Amino acid sequence: MSLKRIDLLICCGSGCVSAGALKIKERFHEVLKEHKITSEVNIIETGCMGPCDYGPVMVIYPEGIFYKKVTVDDVAEIVGEHFVKGRPVARLMMQEEEKTISAQKDVPFYQKQVKVALGNCGYIDPESMDEYIATGGYEALGTVLTEMKPQDAINVIKESGLRGRGGGGFPTHIKWQMVHDRKADQKYIICNGDEGDPGAFMDRSLLEGDPHRILEGMMIAAYSMGASQGYFYIRAEYPLAIKRIKMAIEQAKEVGLMGENIFDSGFSFDAEVRTGAGAFVCGEEMALIHSIEGERGNPTPKPPYPAVQGLWGKPTVVNNVETIGNIPTIFRKGAEWFAGMGSEKSKGTKVFALTGDVKNTGLVEVPMGITLRELIFDVGGGMIGDHKFKAVQLGGPSGGCLTVDHLDTGVDYESLKERGAMMGSGGVIVMNDEKCMVNVAKFFMDFCVEESCGKCSPCRIGLKQMLEILERITDGYGREGDIEELQRLGESISKLSLCGLGQTAPNPVLSTIRYFRDEYESHIRDRSCATKVCNDLMHYDIDKDRCIGCSLCARKCPTVCITGSRDEKYTIHQTGCVKCGNCFDVCPVKAIDKVPGMHPEIVEHRAAVANAKNPYDD
Amino acid sequence: MKTLADLKKIREKAQEDMKLRGGNVRIKIVVGMGTSGIAMGAREVMKTFLEEIAARNLSDVLVTQTGEKGLSSMEPVVDLIEEGKPKVTYGNMNPDKVKKVVVEHIVNGRVVSDYVVSTGD
């Protein structure tokens, strides 16, 4: 037997796996064998470490050295130089303003982060219960079961100020208290892992990276309210999350941390996994409950709330994955410690999936109340390239866009809501000055129209109407009054829809109108998209002074709408142009410009089409 | 598992397995593994350390490595770093000397002065 001297932690979060982390792991096994040091190195697959943009990433202990963008070819060098000769490979480390940063703790991306729910994510082997226990796992459960009454546990959560991390921010203790106070022969706890926002992967990373934490949190919640059965509702698109939660349940049952009479306290608990078919609306708690029951995943009116009549008519609590992930740490470190972080009404930390045009896209956890500026420019590393920050979309299809003026806003439930965005589940999409806000609003509206379950008409019909108006605007057929109509529709849909999906779906449109009204106006009045994103509201033009008459553009044009000769140079016939951009890409002298605004030829052409008399009409 | 004490037992064992990732480390052994060190047998020295420590089940000792230490004539060179004590550097190490260092220095806390090249930073 030999002692291990190196712990190699390879990030096997979704981002790193698709960048090739598993192949790298295989290669490490091979190279270690070649060097005959297999017995000296532990290779550990961890959950998401966060900086997905730099993937595949890995951390090597005991030094804590952080490598980024590792390829299969780098493995031989890492083993030969670092593992055998003790010389860490500097070229794979993070570079910050000419400085090489070797240790993970010194990487700027991690500096403003506080990891609570993600505490073990990227640090332990998610498939090993022992490693979770080594970090203090199941201690909170043991203490709660043996030393606390259910009401005491609820009081701890009340003092901590924990609120639902799934979007709404409903105080967690109130839900628990309601179910606790109900008399029933059976109560249920459900973990909502139906994460559906575009660009969000917080819950997925937690379930994949630290499944035992979620299990422990769920059992503490179940004990506090008197539930003996739990369900994990996880999207079928998250096979690894499902596998790991199932594995965690097995492992916990094996040692008696789950099952009958846990910790000799008389408390028994069992949990199962239910997979969701990927409908966005099933993240809504009533729809989710119906889906578990085997019914169609449609929401039903509230009240009755799930706390009164939930799963199979029994009192039920539905908590989000991240909410549950915070619970074990709150009990271990105390409610006061948790309440010490964050702002006045929003306590603790929040996990965000940072995506879009920022340098460090990835999974981050920051204290509540941190400003958007800190989140985007310090943690996120600022914008890619020389582009300017334009807007940030928080809360996915339910949220809204905020602008440069809001960068110093603290990120918490209230201040975001006041400004027309919302915390949501934590998707943060950062956009630069090349993004058209009307188009962004259209994208989210399109998503909500697709995902609307169709049960109530405001959502089913109203959203479709809004989408059609947005399409008309981006196609260059916008009319005066469209903006007001969008606002009117949006406000009615928010008020009249049955569930959260419809109630929040107009937010992206309403918030972009609120902050980028001039963009809507120029789309409608000037038929111009300043960012040149909307195809119908921009055109390509050849500058005859720069054109060398090589004919390459004409040959690459799929609709043969470019003509000319070496002497006359080339011209685009706008009515035939499909805006494919081939000519722009192939021009060797960059003589083709993208110009905002509809070309006069097209304006004329459209007017002619509109005025054309049908010969069959009188 | 029925009590917190049972849980604690598992935790202590698991923490020991994870000590490389930080935690309760009393003595850190740093082996110089530059080219000259390896040429002089640093790998054998490191291996012996790993085996001896595993055999004695010394849970609070960590073995790691570093590059060239600049003392080529004394290779293999090994540092023993103990919390709150001056660093001890041993030179001209070999597996037999390693065994003695493990018994004398690491287990019994007596520096093996015959092999010491320097002490302190």
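Here the structure is shown first, and the text comes after it.
Residues numbered from 1 in each chain as written. Chains lettered and ligands numbered in written order. Predicted model: local features only at pLDDT ≥ 70, side-chain atom pairs only at ≥ 80, totals over all residues. Heavy atoms only, no water.

**Quick word on the nonpolar core**
All names here are of chain A.
Then step 1. Residues Tyr138, Ile189, Leu215, Phe232, Ile234, Phe269 and Phe331 are the most contacted members of the largest nonpolar core, which totals 72 residues.
Then step 2. By residue number, the principal contributor to this core is helix 10 (residues 211-225), which donates nine residues.
Then step 3. Contact partners of phenylalanine 232, with chain neighbours within four places excluded, come to Cys191, Ile214, Leu215, Met218, Ile245, Ile249, Ala271, Glu272, Val273 and Arg274.
Then step 4. If you look at the next biggest cluster of nonpolar residues, it comprises 65 residues, including Val59, Val75, Met94 and Val364. (Core = buried A, V, L, I, M, F, W, Y, C linked by side-chain atoms within 4.5 Å. Buried < 20%, exposed > 50% of the residue type's maximum accessible area, 1.4 Å probe, protein only. Helix = DSSP H or I, 4+ residues; strand = E, 2+ residues; numbered from the N terminus. Contact = heavy atoms within 4.5 Å.)

**Overview of the packing of helix 6 (residues 139-147) of chain A against helix 1 (residues 4-17) of chain B**
Then step 1. Helix 1 of chain B packs onto helix 6 of chain A with a crossing angle of 170° between their chain directions and a minimal axis gap of 10 Å. What the angle tells us is that helix 6 of chain A and helix 1 of chain B run roughly antiparallel. Residue-level inspection shows A:Glu139, A:Gly142, A:Thr143, A:Thr146 and A:Glu147 of helix 6 of chain A in contact with helix 1 of chain B, the latter providing B:Leu4, B:Leu7 and B:Arg11.
Then step 2. Taken together, the residues of the contact of helix 6 of chain A with helix 1 of chain B sort by class into two nonpolar, three polar and three charged. (Axes fitted to C-alpha atoms, helices over the stretch in contact; angles between N-to-C directions. Parallel < 35°, antiparallel > 145°, perpendicular 65-115°, else oblique. Nonpolar A, V, L, I, M, F, W, Y, C, P; charged D, E, K, R; others polar.)

**Description of unusual backbone geometry**
All names here are of chain A.
Then step 1. Proline 62 follows tyrosine 61 through a cis peptide bond whose omega is 10°.
Then step 2. The residue after lysine 302, namely proline 303, is reached through a cis peptide bond having omega -5°.
Then step 3. Summarising the element assignment, proline 303 is placed in the loop between helix 12 (285-293) and strand 11 (316-320).
Then step 4. The phi torsion at valine 560 lies on the positive side, around 50°, for a residue other than glycine.
Then step 5. Within the element layout of this structure, valine 560 appears in the loop between helix 22 (552-556) and strand 18 (562-565).

**A word on helix 9 (residues 202-209) of chain A**
Then step 1. Burial within helix 9 of chain A is extensive, with seven of its eight residues counted as buried.
Then step 2. Here helix 9 of chain A has its buried residues at A:Met202, A:Asp203, A:Ser205, A:Leu206, A:Leu207, A:Glu208 and A:Gly209.

**Describing helix 6 of chain A**
Then step 1. Along helix 6 of chain A, the residues that are buried comprise A:Ala140, A:Leu141, A:Gly142, A:Val144 and A:Leu145.
Then step 2. Those residues of helix 6 of chain A that are buried lie in contact with helix 7 (150-160), helix 10, strand 9 (259-262), strand 10 (267-276) and helix 13 (321-333) of chain A together with helix 1 of chain B.

**A short note on the environment of A:Lys464**
Then step 1. With respect to the secondary-structure elements, A:Lys464 resides in helix 18 (residues 457-474).
Then step 2. Each C-alpha atom of the pair A:Lys464 and A:Glu450 lies 9.2 Å from the other, and the pair is 14 residues apart in sequence.

**Section: the environment of A:Lys417**
Then step 1. Tracing the sequence through the fold places A:Lys417 in helix 16 (residues 413-418).
Then step 2. Once the C-alpha coordinates of A:Lys417 and A:Tyr123 are considered, the two residues, 294 residues apart in sequence, prove to be 34 Å apart.

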